[in-house]
Amino acid sequence: MKKKMFFKHITYVFILATAVALSAADCVFIDRYDIMQTDEEGRQLNSVKAGSPMTFSVVGHLEPRTTDNNGVTSKLVFAMLAPKDWDVAHQAKVTYKTGYHDDPEEELSMSVIPESQLPKNGEGRTWAQCLTSDYGVGPNVLDDMEWIVFQTDKTWVVRNNEDKPFYIFVRTRAGQRNLKCKLGFFINHTDDGFSGGTDHRKVVFANDCFEVTGGKGMTIDFCNRHFNRLSPLTALQNDYVTISYQADVDPSVSSNPLAATDEIYLQGKAVTVSGKTYDAPAIGAQTLMRRQSNLGRSFSLTIWPAGFFNVPTDEIIDHIDYYFSNADGSAIVNQSTDDKVQLGASDGDDTPFNLKLECE
Amino acid sequence: MKNIIKKTGSVLLMALALTGCSQFSDDSNPYDVAEAVKSFGGVWKLKSVTRNNIDITADMDFSKFELHMGDDGRYHIENYLPFVVEKDGTWHTDDPLYPFQLSFLEDGAASSVDVNFNFPVVNGQRSLLITLSPGCASNVYTYTLERTDN
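Just so it is clear, the structure is predicted and the values come from calculations on it, not from any experiment.

### With respect to the interface of chain A and chain B
On the chain B side, the residues contacting the 17 residues of chain A number 18 residues. Taken as a group, A:Tyr240, A:Thr302 and A:Trp304 account for 46% of the area that chain A buries against chain B, more than any other trio of residues on that side. Here chain A is connected to chain B by 0 salt bridges. Summed over the shared surface of chain A and chain B, the result is 10 residue pairs in polar contact (both at pLDDT 80 or more). Those elements that place two or more of their residues in the side of chain A that touches chain B are strand 19 (241-246) and strand 23 (298-303) of chain A.

Written out as structure tokens, the structure reads:
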């Protein structure tokens, strides 16, 4: 008898839960995205020249399932993951077309959500903080990317079963730095405001790397892990720069001569704008890189470049050439080692890693 | 009636006498605790350093840096690390009771470097929090300094 009652209760709870789930299921979907750009010759490329205009688009639709006769009153929220160098928040013009509008071909405006407007279910965090804590920088391997969050200027009332598409356009400009990254797109709406679950919010990261060429500096590769890693990505001689050796990028000793070495040293030289060179301290305590954890094989050293290379205060460092070495200098990892792993070939064997000291 | 005039007159006289001798009066409220003058004098060492909100204190040896702030208004730095000033000079605050800004003037420099700071009490000790960008403007560091006993 008791068992029967229990099942009865369980059934009620189940039906109730389903009803709640259904009533709340105003699902949003991302159907496709387009990151290809057309160059001067009409070719479709996933790359642009530094500083060029670019257009990205995202197509999706809504499937509102609500028991509320008044429908759902909300603004569509759209976010993009892009390199900080692009300054999307200030450069981009974001518009959208939607089947909910009288004229589905008219492009309507979206604006950056102010920091003070927190998402309804974000537990006191800003939109960007919510996105960063849930998705980080997606498949990218470096941090210098940001989520920029927009909302429709118009508030929409969406009624039950009114399934309609939307088309979002981001017209912006590439930054000046050469880089490769994987862009990300996110859809939600203000009435949901970053609640749990994935019915109301969707995220997608581009499969292909998007590249900016013909600009400043060495290409910063957000898409692939390399033997060397820098933080921050832009620095001057009076910054603190963390240089890391990521040995696990290739664990084979034949292509990574330091793959099995536990004592790694940072070596190299600073070259000033006047052409003088200053060597790193000799292999020893000052140049020993610290292992980040016993589990991973990543080694780091944080330096103040002017102090580390003992450069006089009246001289300016233009760039740093560096490489990683074992204790007796018989095995090293440098740019040539990295090129062989990443590109399959390299020009010679002795090209060092290069860090150009400049700001954005 | 005469009495009243007399009394009023003497009261007025007393009042006059009192205001005339205001240097003897004590205006302060005996129950009020006066705001203490904030002292910055001493030797300050780096307790923690963040770079773009990430703690990097353990990543480098910051322990030797010393900022000597003399009560005579002069400062100097030992075992220099990137800071808002480098050469010896003079320092002052904008307000002895409610300071918001520390100014450092290097000897021979034309203008001072002004830094906003926080001065929280941590474990009964004043800490000095300074935010600075000695390299690229996009890299922001926070130095938390603690006064040493010597």
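### A word on the confidence of the model for chain A
Mean pLDDT over chain A works out to 91, with 93% of the residues at or above the 70 mark. Segment residues 10-24 of chain A is flagged for pLDDT under 50; beyond a separation of four residues in sequence, or across chains, it makes 6 contacts in the model.

### Describing helix 5 (residues 335-343) of chain A
Here helix 5 of chain A has its buried residues at A:Gln335, A:Ser336, A:Thr337, A:Asp338 and A:Asp339. Next to the buried residues of helix 5 of chain A lie strand 17 (216-221), strand 25 (332-333) and strand 26 (353-356) of chain A.

### Some remarks on the state of the cysteines
Each disulfide consists of a covalent bond between the sulfur atoms of two cysteine residues. Inspection of the entire model under this criterion finds 2 disulfides over all chains. Each disulfide pairs two cysteine sulfurs, and for A:Cys209 the partner residue is A:Cys223, the sulfurs being separated by 1.8 Å. Here A:Cys209, found in the loop between strand 15 (202-205) and strand 16 (210-213), pairs with A:Cys223, found in the loop between strand 17 and strand 18 (228-231); they are 14 residues apart in sequence, far enough to count as distant. The partner cysteine of A:Cys359 in its disulfide is B:Cys136, sulfur to sulfur 2.1 Å. Given an S-S torsion of about -100 degrees, the disulfide between A:Cys359 and B:Cys136 has left-handed geometry. Here A:Cys359 is found in the segment after strand 26, whereas its partner B:Cys136 is found in the loop between strand 9 (125-132) and strand 10 (141-147) on a different chain. Residue class for B:Cys136 comes out buried when judged on its relative accessible area of 0%. Here A:Cys130 stays free of any disulfide, with the sulfur of A:Cys27 as its closest cysteine sulfur at 20 Å.

### Some thoughts on the sheet that holds strand 23 of chain A
Strands in a sheet are paired, the pairing made by backbone hydrogen bonds, and the direction either parallel or antiparallel. Overall, antiparallel pairing links the 4 strands, which are arranged 18-19-23-22 (chain A) in an open sheet. A single partner strand is all that each edge strand has here, and the edge strands are strand 18 and strand 22 (290-291) of chain A.

### Some words on the side chain of A:Asp321
Residues and elements named next belong to chain A. Its location among the elements puts aspartate 321 in strand 24 (residues 317-325). The buried charged residue aspartate 321 lacks any salt bridge partner; its closest oppositely charged side chain belongs to lysine 269, at an N-O distance of 4.3 Å. A polar contact of 3.4 Å, which involves the side chain of aspartate 321, links it to the side chain of asparagine 354. Excluding anything up to four places from it in sequence, aspartate 321 contacts Gln267, Gly268, Lys269, Val271, Pro352, Phe353 and Asn354.

### Considerations on the packing of aromatic side chains
Residue and element names in this part refer to chain A. Under the counting rule described, the total for this entry stands at 33 aromatic pairs over all chains. Taking the centre distance of 6.4 Å and the plane angle of 25 degrees together, the rings of phenylalanine 78 and phenylalanine 150 count as stacked. Note that phenylalanine 78 is positioned in strand 7 (residues 76-83) and phenylalanine 150 in strand 10 (residues 145-152), a separation of 72 residues in sequence. The exposure class assigned to phenylalanine 78 is buried, which follows from its relative accessible area of 0%. On the basis of an interplanar angle of 40 degrees and a centroid distance of 5.1 Å, the ring pair of tyrosine 245 and phenylalanine 324 is categorised as tilted. Of this pair, tyrosine 245 sits in strand 19 while phenylalanine 324 sits in strand 24, and the two are 79 residues apart along the sequence. For the pair tyrosine 245 and phenylalanine 324, one class covers both residues: buried. An aromatic cluster of at least three residues, connected via ring pairs, comprises Trp127, Tyr135, Trp147, Phe186, Phe194 and Phe205. The side chain of lysine 154 reaches across the aromatic face of tryptophan 156, ending 4.7 Å from its centre. Across from the ring centre of phenylalanine 194, 4.0 Å away, lies the NZ or CZ of arginine 201, which sits over that ring.

Criteria and thresholds
Residues numbered from 1 in each chain as written. Chains lettered and ligands numbered in written order. Predicted model: local features only at pLDDT ≥ 70, side-chain atom pairs only at ≥ 80, totals over all residues. Heavy atoms only, no water. Contact = heavy atoms within 4.5 Å. Buried area = accessible area lost by both parts, 1.4 Å probe. Salt bridge = Lys/Arg side-chain N within 4 Å of Asp/Glu carboxyl O. Polar contact = N/O pair within 3.5 Å; in protein donor to acceptor, adjacent residues only side chain to side chain. Helix = DSSP H or I, 4+ residues; strand = E, 2+ residues; numbered from the N terminus. pLDDT = per-residue confidence, 0-100. Buried < 20%, exposed > 50% of the residue type's maximum accessible area, 1.4 Å probe, protein only. Disulfide = S-S within 2.5 Å. Pairing = 2+ DSSP bridges. Lys, Arg positive; Asp, Glu negative; His and termini not counted. Phe/Tyr/Trp six-rings, centres within 6.5 Å; stacked < 30°, edge-to-face > 60°. Lys NZ or Arg CZ within 6 Å of the ring centre and 35° of its normal.

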